[in-house]
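Coordinate inspection notes
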Amino acid sequence: MKKTNAMRILEAAHIPYKCLEYAWDEDHLDAVSTAQKLGIEPETLFKTIVMISAGNEVFVFCVPAPVSVSLKKVKSLTGKKIMPLKLEALQQTTGYIRGGCSPVGMKKHFITYIDETAQLYDHIYVSAGERGRMLCIAPADLQAICAAAFCDLTEAASE
């Protein structure tokens, strides 16, 4: 199996992970569909959302597949109004494309937050850095390699 940049970084840091492969297609790149294809609970698959401030500061958020990032909570957390990065800027900014954006191994280190619910699980799933591949990793290991913080990032059902 050809290793992705994210895998090489984890191995260099001696962080254990497993890689799962799945069939993907352009019409079903969303994280919930990916969880279904892998036969895992969607709440354990964390999608990578990249956002940018008016001052061009980039932030990375990892949240469970079925939920959205709360812009209100993110503004409170960062002190900035931020919006999702435009899709056409994703690869140039991170080195990754939609459906294959890993929080591990972006072109530069960006401030990264992981939804606190990740800590409820022994292992979570994040993109391995290309479509069709997911990493299974301990949340604390993901936090360490990304220098991330665990925070409450998601919208409640009533928001």
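Here's what I pulled together on the structure shown here. (Residues numbered from 1 in each chain as written. Predicted model: local features only at pLDDT ≥ 70, side-chain atom pairs only at ≥ 80, totals over all residues. Heavy atoms only, no water.)

Digging into the environment of E41
Structurally, the position occupied by E41 is in the loop between α2 (31–38) and β2 (46–53). Judged by relative accessible area, E41 falls into the exposed class, the value being 53%. Taking the C-alpha atoms as reference, E41 lies 17 Å from T154; in sequence the two are 113 residues apart. (Helix = DSSP H or I, 4+ residues; strand = E, 2+ residues; numbered from the N terminus. Buried < 20%, exposed > 50% of the residue type's maximum accessible area, 1.4 Å probe, protein only.)

Regarding the pairing of strand β7 (residues 133–137)
Of all five residues in β7, five are buried; the element is thus mostly enclosed. Every second residue of β7 is oriented toward a common face, with R133, L135 and I137 on one face and M134 and C136 on the other, all of them buried. Two elements, strand β1 (residues 18–21) and β7, share four bridges in a ladder whose sense is antiparallel. If you follow L20 over to β7, its bridge partner there is M134. As paired elements, strand β6 (residues 124–127) and β7 share four bridges and run antiparallel to each other. (Pairing = 2+ DSSP bridges.)

Observations concerning the environment of F59
Residue placement: F59 occurs in strand β3 (residues 58–64). Spatially, the C-alpha atom of F59 lies 6.0 Å from that of T112, the residues being 53 residues apart in sequence. Apart from residues lying up to four places away in sequence, F59 is in contact with I49, V50, M51, S53, T78, K80, I82, I111 and Y113. (Contact = heavy atoms within 4.5 Å.)

Overview of the pattern of salt bridges
In total, this model carries five salt bridges according to the counting rule given. Ionic pairing is found between E11 and K3, a salt bridge with its closest N-O pair at 3.3 Å. Residue classification places E11 among the partly exposed positions, given a relative accessible area of 34%. The exposure class assigned to K3 is partly exposed, which follows from its relative accessible area of 35%. When the shortest N-O distance is used, the salt bridge between D152 and K73 registers 3.1 Å. Of this pair, D152 sits in the segment after β8 (149–151) while K73 sits in helix α3 (residues 71–78), placing them 79 residues apart in sequence. (Salt bridge = Lys/Arg side-chain N within 4 Å of Asp/Glu carboxyl O.)

What to know about the state of the cysteines
The bond known as a disulfide is covalent and runs between the sulfur atoms of two cysteines. Scanning the entire structure with this criterion turns up zero disulfides. The structure places no disulfide on C62, whose sulfur is separated from the nearest cysteine sulfur, that of C146, by 6.3 Å. Not engaged in a disulfide, the cysteine C151 finds its nearest cysteine sulfur in C62; these two sulfurs lie 11 Å apart. Relative accessible area serves as the criterion here: at 12%, C151 is assigned to the buried category. (Disulfide = S-S within 2.5 Å.)

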